[in-house]
Amino acid sequence: MALKAVHVSDVTNFDQVPENASLGVELNRVPYKIPKFLVVGHRGNGMNILTSGDQRMKAIKENSIMSFNSAAKFPVDFIEFDVQVTKDGCPVIFHDDFIISEDNGVIFEKRVTELCLSEFLCYGPQNEAGKIGKALLRKTENGGIVSWNVEKDDSLCTLKDAFQQVELSVGFNIELKFDFHIVYQEDYLIHVLQAVLKVVLEYAHDRPIIFSSFQPDAVLLVRKLQNTYPVFFLTIGRAAIFYDARMNSLEEAIKLCVEGGLHGIVSEVTGVFRNPGAVTKIKDAQLSLLTFGKLNNVAEAVYMQYLMGIDGVIVDLVKEITDAVSDMIKPSKVDDSEEATLAEEGNREVVELKSNPHFSQKELSFLLKLIPQLIQE
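Criteria and thresholds
- Residues numbered from 1 in each chain as written.
- Predicted model: local features only at pLDDT ≥ 70, side-chain atom pairs only at ≥ 80, totals over all residues.
- Heavy atoms only, no water.
- Buried < 20%, exposed > 50% of the residue type's maximum accessible area, 1.4 Å probe, protein only.
- Helix = DSSP H or I, 4+ residues; strand = E, 2+ residues; numbered from the N terminus.
- Pairing = 2+ DSSP bridges.
- Right-handed = clockwise from strand over helix to strand, strands pointing away.
- Polar contact = N/O pair within 3.5 Å; in protein donor to acceptor, adjacent residues only side chain to side chain.
- Contact = heavy atoms within 4.5 Å.
- Axes fitted to C-alpha atoms, helices over the stretch in contact; angles between N-to-C directions.
- Parallel < 35°, antiparallel > 145°, perpendicular 65-115°, else oblique.
- Nonpolar A, V, L, I, M, F, W, Y, C, P; charged D, E, K, R; others polar.
- Phe/Tyr/Trp six-rings, centres within 6.5 Å; stacked < 30°, edge-to-face > 60°.
- Lys NZ or Arg CZ within 6 Å of the ring centre and 35° of its normal.
- Salt bridge = Lys/Arg side-chain N within 4 Å of Asp/Glu carboxyl O.

S.K.: Explain the pairing of strand β1 (residues 38–42) here, please?
M.R.: The side chains of a regular strand alternate, residue by residue, between the two faces of the sheet. The buried fraction of β1 is high, at five of five residues. Covered by surrounding structure in β1 are Leu38, Val40 and His42 together with Val39 and Gly41, the residues of both alternating faces. Sheet topology places β1 next to strand β14 (residues 312–315); four bridges connect them, and they run parallel. Note on β14: the bridge partner recorded for Gly41 is Val315. The pairing of β1 with strand β2 (residues 78–85) spans three bridges and is classified as parallel. Paired with His42 across the two strands is Glu80, which belongs to β2. Handedness of the β1-helix α1 (residues 65–71)-β2 crossover: right-handed.

As structure tokens, then:
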């Protein structure tokens, strides 16, 4: 059963919201204008896929201070990470719903939100010299359990740690993480959002922030609790079977954003490629559009999105894609006639600046029609 939308006037327990949070803000949304094509580091410098043959997917522990600062060495605009709130009210950064560990040969799992902060932090590497943390395991896509082994490991961290220890040059795309399989009550959502907002409002200062979530009522509520930072709705972007119909298509995502005064959509990229006409609908609704997914690690797919008018991409291969974006969409410094002259003079360094592929409107239209046929279900 889908949760009903939360109205601020219906909520009575706001005593823990920071005083400088804007309650009951007007939902006459001012469009969030993204000034350039954004590259966002997924879980920092990229997610971990522990069974992958690609060592880059196992290089640095995801959602860690080390991963965030590694991404910040490249020209990323934001880093994206997942925030949950512990049982004792502390926002922590962790993607999975459960911590999986092993004790005397017995594997067990505990829900992150049912741990207190001190217990959450005791898993994995420890900051305290000489202290060894509890084993940290992870469930694979096929249900297997593997050790969380990466080339460069790091300790688990809190949202406050990220604000205090991550380079100020990068913005934070804070994904408010909730379990797809749970129907959340309003008072719990309020409790979680209050805890997150308290840290953000105290430590963000001038750092750019974007809030996002797959949970429809969470994005509606965080939009109403504050009027400082843009709020994006996360969606798979194509036919799905979630209990909440608002989560099942790009069309439903657009409707939710318009009705709730949200600022944009973050869609899985294949959902957009299969339905490129949705980009126009999103832009007509004055919404911003970012994408995520495996195809965003392919430079050509990223450039195609740039041509389509998509505002940015969330990527795992931060170095490779930031390099590619710099090469593909940087301003050309010479025109065609100058290029020919320079080529004759042997000035290849300048000529190489003009390497962007050119597409006519007719060619672009053809490519947009072709893409959905190239993407397998």
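S.K.: Looking at this model, I keep getting lost on the side chain of Thr158. Mind explaining?
M.R.: Along the polypeptide, Thr158 turns up in strand β8 (residues 157–158). According to the relative accessible area criterion, Thr158 is buried, its value standing at 7%. A distance of 3.0 Å separates a polar atom in the side chain of Thr158 from the backbone nitrogen of Asp161. Ignoring sequence-local partners within four residues, the contact set of Thr158 consists of Cys90, Pro91, Val92, Ile93 and Leu117.

S.K.: Just checking my understanding: could you explain the packing of helix α6 (residues 250–260) against helix α8 (residues 277–284) for this structure?
M.R.: The description of two helices packed together rests on the angle between their axes and the distance between the axes. Running from N to C, α6 and α8 cross one another at 5°; their axes reach a closest spacing of 11 Å. By the angle class used here, α6 and α8 are roughly parallel. Across from Leu250, Glu251 and Ile254 in α6, the residues of α8 making contact are Ala278, Lys281 and Ile282. Across the contact of α6 with α8, the residue classes tally to four nonpolar, no polar and two charged.

S.K.: Explain the packing of aromatic side chains here, please?
M.R.: Evaluated as defined, the whole model comprises 14 aromatic pairs. Ring centres of Tyr184 and Tyr188 lie 5.5 Å apart, and the angle between their planes is 15°; on these two criteria the pair is classed as stacked. Its relative accessible area of 9% is what places Tyr184 among the buried residues. Clustering of aromatic rings is evident, with ring pairs tying together Phe68, Phe81, Phe163 and Phe172. The lysine or arginine in question, Lys61, covers the ring of Trp148, its NZ or CZ lying 5.4 Å from the ring centre. Above the face of the Phe172 ring, Arg207 is positioned so that its terminal group lies 4.1 Å from the ring centre.

S.K.: I'm lost on the pattern of salt bridges in this one. Help?
M.R.: Charged atoms that come close allow side chains of opposite charge to pair. By the definition in use, this model includes 15 salt bridges. Salt-bridge contacts for Arg138 lead to Asp96; the nearest nitrogen and oxygen are separated by 2.9 Å. Remark: Asp96 occurs in the loop between β3 (91–93) and β4 (98–103) and Arg138 occurs in strand β6 (residues 137–139); sequence separation between them is 42 residues. Comparing Arg138 with Asp96 shows no difference in burial state: the two are buried. Between Lys139 and Glu109 there is a salt bridge whose closest N-O contact spans 3.7 Å. Taken as a pair, Lys139 in strand β6 and Glu109 in strand β5 (residues 106–111) lie far apart in primary sequence, 30 residues in all. Residue class for Lys139 comes out partly exposed when judged on its relative accessible area of 44%. Its relative accessible area of 40% is what places Glu109 among the partly exposed residues. The structure contains a network of salt bridges with shared partners spanning Arg43, Glu62, Asp96 and Arg138.

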